Amino acid sequence: MTLISFVVPAFRVQGYLRECLDSILGQPFGDLEVIAVDDCSPDASGEIIDEYAARDHRVRSVRLAENVGLGPARNVGLDRAVGEYVWFLDGDDWLAPGCLPEVAERLRATRPDVLLVDHVRTHWNDTATRSAMVEVFPESPGAATFRLRDRPEAMRLLHTAWNRVVRRDFLVELGLRFAPGWYEDVSFSYPVLMAAERIGVLDRVCVNYRQRRAGAITKTRGDRHFEVFPQWHRVFTLMDAWGPAVADLRPAVFERMIWHYLTVLGNGQRIAPELRPGFFAQISADYARWLPPGGYPRPDGVEGVKHRLVAGSRWRTFSALRTAGRAREAARRRVRTTRRRFVPLARRGARLTRDGLLREYYRAELRRAVDPTLAVYAAYWYRGYACNPAAIYEAARRLAPGVRGVWIVRRDRVHTVPTGVEYVVAGTPGYYRVLARARWLVNNVNFPDFVRKRPEQVHVQTHHGTPVKVMGLDQQRYPLGAGRMDFAGLLRRVDRWDYSVSANSFSTQMWDRAYPATYTTLEVGYPRNDRLVTAGPEEVRRLRAELGLPADGQVVLYAPTHREHLPGYRPPFDPDRFLDVLGDSGRLLMRSHYFHDRDRRPRRPVDRERVRDVSGHQRVEDLYLVADVLVTDYSSAMFDYAVLDRPIVVYAPDWEAYRLARGVYFDVTAEPPGAVATTFADLLDLFRTGEVRSDAAAKAREEFRGRFCALDDGHAAERVVRRVFLDERAEPVPHC
């Protein structure tokens, strides 16, 4: 028999589900199964589950025809489980590495009905907060099992389903199921403990409990939080049915109920002010209804005062107490803020520089009306007219002629702006004016921190590549690659986004995880790739002529990415030896990453008859169109170039070092878009033998294109313009 059945319900967790499943399947323990339940999720959660089930026999995919909620979805998984024990793990949480062998050892040694395991709350800034395990059990219970009446303090551990591993036959015999609605853990977790004859505790951190910035019910305001009451009613109704067997536990359970109610009420992110009196009234009603005849252990201090006010239905006094407490905390915060903001007069005077005056001008412009016809575009930190914003700009000129588009460019890049394109220079009064008053802000990176997005403004984040390397908050786990990134500042910038443009489902999943916020995802393909779809042979011949390339003969584009952890690094690549393999008619285009224009150190010029340094070419799409083959490493160039369905070679001489230092989302050497070389000699052999165009390489490219390029049909920019500028909404695609 399988030892552990993991039941993983999934609803709107596409950004985290891979990490959850990997944390289970990657354990040094194999006696398990995973029943992953797609609760009719509107995102790609179901597709991710199917993908894992296709490649690992331990994963079973269950796709529900309608959304039933977390509790019933767990029941579906429980009904299909065959393991001796069941572990309900949420799709946005994940297991600690290496924990399963220890869990399995304890289960086999003591055969508990329930094994409680420790967890940490993992926050967006990669910090972790310990659970109450140490406070509840100052001395480890060890391997001994117990009943709840012997250790009632066990109820003070977080009442979730995922921090307890439960014997399946015990659950079946008990007939206990998850109830529908929010707070479904309550009516499961407490009865499980009350009914168990053998409870074990493993004081080892096994679960990372993700504290999400967006999407969690604990941070969602609304009247659904009133559903906590029927969940607790189920607990007491069940206790009434069980009678004397659990009567001695009633005082402790009652105390937990009131504690939980007050916790929900006290969370400003859950109960809106207008709902608070009604919520408090229901707490008082339940207090009177379920109060044990002999009383209960009422807490001391302020918490005890709250309990007494609940008992007396004294909402006004309770509310006044809360208001006074919040006022004291606000006063303390103001004192701290005032101290931080105090600036000596001499320093204030120093601020009256040109930049300071321009910022004052910007603040003045913010008080003027937003221009309902103005759209501002920028790309690559104002490096010029390029990428997805350029494609959206061109589509908007055609489809929304009433929108005036203005580009922001650096002074040293003005010469690259096409004729007829209106622009302002970064840092000038015009720059601050358009940022303050534009209706739309379109960029493939973030605008500076000083930019304040007004309520009437719409911010479109287009991104500039499908991610191979980890991005955003995920970089916290790879400090070498992240450098000195300000992650709190990053999230403040992300919170300005209204729309996030995504090239494919994979990107959407990664952006959800790397940039958690409340923006709307536009999964429409990449606008910059429209041209790759629509360009014909005539345009390719024209571009080759402009670049001085022959109409025939093989052209190879070599475009490696940069290494943040290795400034100035250049992959081992000898253009002369490479050209020898290409033959006399071959041509080589070499393009460095755009970050390298910050590196002013001289490099050996490469601009001979058969080798061209095209790092300064403004639009990389031109280079894709003229190239017959792309050679790259971990660059997003491979995803764009794959739209052309031409050979791609992954040249990854430092793959293991890059993966460990920078972090990656998937293995480009295991799931490549074509042939792979890890040494320069291997790269030469691929071209020398023709393996670049082999059937195996073509098959890999076909699979890669199916996964990443399905949306690139030449109309991505149009879809963005119609949604963002014209407010046209496509009919939602049903997922169930």
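Owing to the predicted nature of the structure, the values given are computational and were not obtained by experimental measurement.

Engineer: Just checking my understanding: could you explain the overall build of the protein for this structure?
Structural biologist: Along the protein, the regular secondary structure elements total 28 helices and 22 strands. Relative to the compact-globule value of 27 Å for 736 residues, the protein shows a C-alpha radius of gyration of 30 Å, a close match. Oriented by its inertia axes, the alpha-carbon framework of the protein measures out at about 95 × 65 × 50 Å. The contacts of the protein with a sequence gap of at least 6 include a subset with a gap of at least 24, amounting to 74%. Looking at the protein as shown, the accessible area adds up to about 32500 Å², and 51% of this sits on carbon and sulfur atoms. Averaging the coordinates of the 110 positive side-chain charges in the protein and doing the same for the 94 negative ones gives two points 9 Å apart.

Engineer: I'm lost on the side chain of E621 in this one. Help?
Structural biologist: Mapped onto the elements, E621 comes out in helix α23 (residues 620-626). Setting aside residues no more than four positions away along its own chain, E621 makes contact with C387, R528, R531 and L532.

Engineer: What should I look at first to understand the pattern of salt bridges in this one?
Structural biologist: Pairing between side chains becomes possible if they bear opposite charge and their charged atoms approach one another. Applying the stated criterion to the full structure yields 55 salt bridges. R55 is the salt-bridge partner of E51, the closest N and O atoms lying 2.8 Å from each other. Taken together, the residues span about one helical turn, with E51 and R55 both in helix α2 (residues 45-55) at a distance of four residues. Residue class for E51 comes out partly exposed when judged on its relative accessible area of 24%. Of the residues examined, R55 reaches a relative accessible area of 52% and is grouped as exposed. Between D412 and R410 there is a salt bridge whose closest N-O contact spans 3.1 Å. A single network of salt bridges, built from pairs that share partners, joins R531, E539, R542, E546 and D622.

Engineer: How should the nonpolar core be read in this particular structure?
Structural biologist: Nonpolar side chains tend toward joint burial in soluble globular proteins. Residues Y377, Y515, L557, V724 and F725 are the most contacted members of the largest nonpolar core, which totals 88 residues. Ignoring any residue separated from it by four or fewer positions in sequence, one finds Y377 in contact with P389, I392, Y393, A396, G405, V406, W407, I408, V442 and F725.

Engineer: Got a minute to help me understand the pairing of strand β18 (residues 587-590) in this structure?
Structural biologist: A regular strand carries its side chains on alternate faces of the sheet. On β18, burial covers both faces: R587 and L589 on one face and L588 and M590 on the other are all buried. Bridge count for β18 against strand β19 (residues 611-613) is three bridges, and the pairing is parallel. Bridged to L588 within β19 is V611.

Engineer: Would you take a moment to explain helix α15 (residues 387-399) for this structure?
Structural biologist: Since the α-helix turns once every 3.6 residues, residues separated by three or four places project in the same direction. Across its 13 residues, α15 extends 19 Å between first and last C-alpha, which sits within 8% of the 18 Å expected from 1.5 Å per residue. When α15 is considered as a whole, its buried residues turn out to be C387, N388, P389, A390, A391, I392, Y393, A395 and A396. On the buried face of α15, the contacting elements are β10 (371-378), β11 (404-409), β13 (438-443), α23 and α28 (716-724).

Engineer: Quick question: what am I supposed to make of the confidence of the model for the protein here?
Structural biologist: The predicted structure's coordinates, where accompanied by low pLDDT, should not be read in detail. In this model, the protein carries an average pLDDT of 91, and 93% of its residues clear a pLDDT of 70 or more. When the criterion is pLDDT under 50, residues 340-348 qualifies, and its contacts beyond four places in sequence or with other chains add up to two contacts. Contacts for the low-pLDDT stretch residues 594-607, under 50 throughout, to residues beyond four places or in other chains number 27 contacts.

Engineer: Got a minute to help me understand the environment of G222 in this structure?
Structural biologist: Structurally, G222 is set in the loop between β9 (199-210) and α8 (228-242). For the pair G222 and I271, spaced 49 residues apart in the sequence, the C-alpha separation amounts to 6.4 Å. Contact partners of G222, with chain neighbours within four places excluded, come to R270 and L275.

Engineer: I would appreciate a short explanation of the packing of helix α22 (residues 575-582) against helix α26 (residues 680-689) in the present structure.
Structural biologist: Two quantities define a packed helix pair, namely the angle between the helix axes and the distance between the axes. It is the contact of α22 with α26, at a shortest axis distance of 9 Å, that shows an interaxial angle of 20 degrees. The angle between α22 and α26 places the two elements in the roughly parallel class. For the pair α22 and α26, the sense of crossing is right-handed. Within the contact between the two elements, α22 uses R577, F578, V581 and L582 and α26 uses F680, L683, L684, F687 and R688. Residues of the contact of α22 with α26, tallied by class, amount to seven nonpolar, no polar and two charged.

Engineer: Please clarify how the packing of aromatic side chains should be interpreted in this entry.
Structural biologist: Within a pair of aromatic rings, the relevant descriptors are the distance that separates the centres and the angle that separates the planes. Evaluation of the coordinates by the stated rule reveals 49 aromatic pairs. Look at F88 and F178: their rings are 4.9 Å apart centre to centre, the planes differ by 80 degrees, and that puts the pair in the edge-to-face class. A residue pair is termed long-range when its members are at least 10 positions apart, and F88 in strand β4 (residues 85-88) and F178 in the loop between α6 (168-174) and α7 (186-195) qualify at 90 residues. For the ring pair F573 and F680, a centre distance of 5.4 Å and an interplane angle of 70 degrees mean the geometry is edge-to-face.

Engineer: What is the right way to look at the packing of α7 against α8 in this model?
Structural biologist: Across the interface, α7 lies against α8 with an axial gap of 8 Å and an inter-helix angle of 25 degrees. As the angle between them shows, α7 and α8 are arranged roughly parallel. In the packing of α7 onto α8, the handedness of the crossing is right-handed. Between α7 and α8, the contacting residues are V186, S187, Y190, P191, M194 and A195 on the first element and Q231, W232, R234, V235, L238, M239 and W242 on the second. Grouping the amino acids of the contact of α7 with α8 by side-chain chemistry returns 10 nonpolar, two polar and one charged.

Engineer: Where do I start with the pairing of β9 in this structure?
Structural biologist: With nine of 12 residues buried, β9 lies mostly within the body of the structure. Strand direction decides the pairing type here: strand β5 (residues 94-95) and β9, joined by two bridges, are antiparallel. By the bridge assignment, L95 is partnered in β9 with V207.

Engineer: Looking at this structure, how should I read the sheet that holds β11?
Structural biologist: Each strand in a sheet pairs with another by means of backbone hydrogen bonds, the pair being arranged parallel or else antiparallel. Taken in spatial order, the seven strands line up as β12-β11-β10-β13-β14-β15-β16 in an open sheet, and their pairing is parallel. Two strands bound the open sheet, and with one partner strand each, they are β12 (423-425) and β16 (520-523). Strand-to-strand twist across the sheet, computed as the mean angle between neighbouring axes with direction ignored, equals 25 degrees. Pairing geometry for β10 and β11, over four bridges, is parallel.

Engineer: Is there a simple way to explain the side chain of N504 in this structure?
Structural biologist: Looking at the secondary structure, you find N504 in the loop between β15 (499-502) and α19 (505-514). Judged by its relative accessible area of 3%, N504 falls in the buried class. From its side chain, N504 meets the backbone nitrogen of S507 in a polar contact 2.8 Å long. Polar side-chain contacts of N504 include one of 3.1 Å to the backbone oxygen of F708. For N504, the contacting residues outside a window of four places in its chain are T466, E523, R707, F708 and L711.

Engineer: Please explain the sheet that holds β19 as it appears in this structure.
Structural biologist: Taken in spatial order, the six strands line up as β19-β18-β17-β20-β21-β22 in an open sheet, and their pairing is parallel. Strands at the two margins of the open sheet, each flanked by one partner only, are β19 and β22 (675-677). With strand direction ignored, the average angle separating the axes of adjacent strands in the sheet is 20 degrees. Relative to β22, strand β21 (residues 648-651) is paired through three bridges, and the arrangement is parallel. Residue V649 lies in a different strand from β22, and its bridge partner there is A675.

Engineer: Would you mind going over the environment of V468 with me for this structure?
Structural biologist: One can find V468 in the loop between β14 (458-461) and α17 (479-482). For V468, a relative accessible area of 2% gives the class buried. Put simply, V468 and D150 are 318 residues apart on the chain and 53 Å apart in space, counted from C-alpha to C-alpha.

Calculation rules
Residues numbered from 1 in each chain as written. Predicted model: local features only at pLDDT ≥ 70, side-chain atom pairs only at ≥ 80, totals over all residues. Heavy atoms only, no water. Helix = DSSP H or I, 4+ residues; strand = E, 2+ residues; numbered from the N terminus. Rg over C-alpha atoms; globule rule 2.2 N^0.38 Å. Contact = heavy atoms within 4.5 Å. Areas by Shrake-Rupley, 256 points an atom, 1.4 Å probe, with all protein chains shown as cover. Lys, Arg positive; Asp, Glu negative; His and termini not counted. Charge placed at Lys NZ, Arg CZ, Asp CG, Glu CD. Salt bridge = Lys/Arg side-chain N within 4 Å of Asp/Glu carboxyl O. Buried < 20%, exposed > 50% of the residue type's maximum accessible area, 1.4 Å probe, protein only. Core = buried A, V, L, I, M, F, W, Y, C linked by side-chain atoms within 4.5 Å. Pairing = 2+ DSSP bridges. Expected span 1.5 Å × (residues − 1). pLDDT = per-residue confidence, 0-100. Axes fitted to C-alpha atoms, helices over the stretch in contact; angles between N-to-C directions. Parallel < 35°, antiparallel > 145°, perpendicular 65-115°, else oblique. Left-handed = near helix turned anticlockwise from the far one by under 90°. Nonpolar A, V, L, I, M, F, W, Y, C, P; charged D, E, K, R; others polar. Phe/Tyr/Trp six-rings, centres within 6.5 Å; stacked < 30°, edge-to-face > 60°. Polar contact = N/O pair within 3.5 Å; in protein donor to acceptor, adjacent residues only side chain to side chain.

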